[in-house]
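# A closer look at the structure
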Amino acid sequence: MRLALLLFAALAAAPFLGFGAGHQLTLLAHGMILGIAALGLWLLVGGAGLVSLGHAAMLGIGAYAVVALDDLRITEAAVVVPVALLAAGLFALATGAVALRTTGVNFIMITLAFGQMAFFAAGSLALYGGDDGYTLYGRTTLAGGRWLADRLVFHFVCLGLLGLAFLVIHMLLAARFGRVLRAARENQSRTEALGFDPYPYRLLAYVVAGVLAGLAGVLLANSNEFVAPSYLAWQRSGDLLFMVILGGLAGPEGAILGALALVLAEEWLAMLTPHWRLILGPLIVLAALFLPRGLIGIRRHD
Amino acid sequence: MTDPVLRLEGLRKAYGGLLVTDAVSLDVRAGEIHALIGPNGAGKTTLIGQVAGTLRPDAGRVLLDGRDITGLAVARRARLGLVRSFQMIAVLPGFTVLENVALAVQAKHGSSFRLFRPVARESGLNRAAMVALDQVGLAARATARAGTLAHGEKRQLELAIALAQSPRLLLLDEPLAGTGTEEAERLVGLLGALKGGPAVLLVEHDMDAVFALADRITVLALGRVIASGPPAAIRADPAVRAAYLGEAADAC
């Protein structure tokens, strides 16, 4: 919790401490946006013990909701945001209802399959540019105002929503609901013997994670002013999963830390050399080997 | 006379040609501890599975408070008050001792689809959990992680979890398994204190414990009930001596 407060304070102060340039704010916004999606995924992986490899699908659906409405010249947030969250949530409900009949490796494979289905569907949307993607006419507006075009305002909108997402995950986890979710992760047969069927709890967690990914999709579309099928690609699902694991499963703040660390590390390495992926790969291996409890596990040597 | 809490009627279960439960009938009355014993391979585990709901009998019925529960799943039986402890320890290692028990209380009290209220501060759940922990003498360890408990303490925690579900029938599957002499003595004391509470069906290998605790004993051999009655009668029964106690004596 103290780490989370520290992260939020640093993000709030960053624009005034030498990170106020346009490209720096864009970078931080990307970190926070992916942090929102990673928080949802953390609820599944760290909270419920379910590893999903199709999480980018819900992020992409949120982004394509912005596209579809933009194509109709509807940019008002009061319409765009609910539509995007509903679309992502419904996709999560339908696919989660099937995927959660399984656990473990089978669950990973089914979520991956649904993710790839959504990816290829997005590529076939000729109306929205197909594989080439779609450039937005304009960013989402708030009560008719083009507030989100201002980088500083956008920075704090992202930060506020990241904080809200963190709070929601934190509260869900500490409530009766979260206790059943965690119990089913630790020992499913014991939890069933107490009279709990884990399925509805896991399904609700999956939908919450989907809605958060949808929200991240809306923000990412706004940040880039461009949406392409690559938003839904399984590589992005893999990135999100890596953020969650890099950050650490001991607490939801790990997802935020992991997202910021990966986004910033990629950027920093890309500045050093065009072959930055050759360096990032081994770094990921080292992190997996030497940080089994993630970045938030470093300071906890109890 | 009132209905027994648990009644097994003519249970039969076969694996291929091997009859492992052969026309087993018994009942457990309110407030009594009824022990089920028998040599290895007598079919105790199979019978327990049919009572708990993990196995379906080929024939016969299982009745809880006069209600036929033969076809019900484990979670349904648990909600009706048929509560079991596990032969292998099955506490939640990452949860605190208190949270392990509070989860069991939560299963009985209200919806668990409460999404935002912090459950750790639900004093009703915690109070009921502390009562159960007190009953098994584990209240002092309430804040410890269950994974860090000693083996005997985990057995006590299993018992507290079972009690916290306010069972009608408590199915204790070898509650002393793996415990040392001292731990076993303490657990026998705790189980004895349950007398007059929930009806208990006890499966246990420790004969001293069985004869100290049980109001009645049913002896199983080769899937069949060969004797049933108060401990003194069982001890004197020649068929039991032949099938079971004799074998135990040989093993020593």
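Our subject in this report is the structure included herewith. Computed from a prediction, not measured in an experiment: that's the story for all the values here. (Residues numbered from 1 in each chain as written. Chains lettered and ligands numbered in written order. Predicted model: local features only at pLDDT ≥ 70, side-chain atom pairs only at ≥ 80, totals over all residues.)

### Brief notes about the overall build of chain A
Each helix and strand in chain A was counted, giving 12 helices and 2 strands. The principal-axis extents of the C-alpha atoms in chain A amount to approximately 55 × 40 × 35 Å. When each of the 302 residues of chain A is scored for burial, the buried share is 49%. (Helix = DSSP H or I, 4+ residues; strand = E, 2+ residues; numbered from the N terminus. Buried ≥ 20, exposed ≤ 12 C-beta atoms within 10 Å, placed from the backbone.)

### Overview of the interface of chain A and chain B
Of the residues lining the interface, 19 residues belong to chain A; the matching set on chain B comes to 24 residues. Going through the elements one at a time, α6 (151-174), α7 (176-186) and α8 (188-193) of chain A are the ones with two or more residues in the side of chain A that touches chain B. Top element by residues in the side of chain A that touches chain B is α7 of chain A. It accounts for 6 residues. Looking at the side of chain A that touches chain B residue by residue, the class counts come to 10 nonpolar, 3 polar and 6 charged. (Contact = placed C-beta atoms within 7 Å. Nonpolar A, V, L, I, M, F, W, Y, C, P; charged D, E, K, R; others polar.)

### Details of the sheet that holds strand β10 (residues 224-229) of chain B
Residues and elements named next belong to chain B. With mixed pairing, 6 strands are arranged side by side in an open sheet as β6-β7-β8-β3-β9-β10. Strand pairing shows two members of the sheet lacking a second neighbour, β6 (82-85) and β10, which therefore form its edges. Within this sheet the neighbouring strands show an average axis-to-axis angle of 20 degrees, counted without direction. Alignment of β6 against strand β7 (residues 169-173), held across 4 bridges, turns out to be parallel. Bridging across to β7, Ser85 finds its partner in Leu172. Running over the sheet, helix α1 (residues 44-52) touches β3 (33-37), β6, β7, β8 (199-203) and β9 (216-221) and is turned about 150 degrees from β7. (Pairing = 2+ DSSP bridges. Axes fitted to C-alpha atoms, helices over the stretch in contact; angles between N-to-C directions.)

### A word on unusual backbone geometry
Residues and elements named next belong to chain B. Backbone geometry places Ser166, a non-glycine residue, at a positive phi of 35 degrees. Relative to the elements of secondary structure, Ser166 occurs in the loop between α5 (151-164) and β7. What makes Ser166 partly exposed here is the crowd of 16 C-beta atoms within 10 Å. Look at Glu174: it is not a glycine, yet its phi comes out positive at around 50 degrees. Note on placement: Glu174 falls in the loop between β7 and α6 (181-192).

### Observations regarding helix α3 (residues 56-71) of chain A
Residue and element names in this part refer to chain A. Compared with an ideal rise of 1.5 Å per residue, which puts 16 residues at 22 Å, α3 spans 22 Å between its outermost C-alpha atoms and is within 8% of the ideal. Among the 16 residues that make up α3, 13 are buried, leaving the element largely enclosed by the rest of the structure. Just past α3, the residue Arg73 takes up positive phi, approximately 65 degrees. (Expected span 1.5 Å × (residues − 1).)

### Comments concerning the environment of Met130 of chain B
All names here are of chain B. Summarising the element assignment, Met130 is placed in helix α4 (residues 123-135). Take Met130: there are 20 C-beta atoms within 10 Å of it, and that puts it in the buried class. Along the chain, Met130 and Thr96 lie 34 residues apart, while their C-alpha atoms are 12 Å from each other. Beyond its immediate sequence surroundings of up to four residues, Met130 is in contact with Ala139 and Ala142.

### Here we look at the packing of helix α2 (residues 22-48) of chain A against helix α9 (residues 198-224) of chain A
All names here are of chain A. The interhelical angle for the contact between α2 and α9, taken along N-to-C directions, is 170 degrees, at an axis separation of 9 Å. What the angle tells us is that α2 and α9 run roughly antiparallel. A breakdown of the residues in the contact of α2 with α9 according to their chemical character gives 20 nonpolar, 5 polar and 1 charged. (Parallel < 35°, antiparallel > 145°, perpendicular 65-115°, else oblique.)

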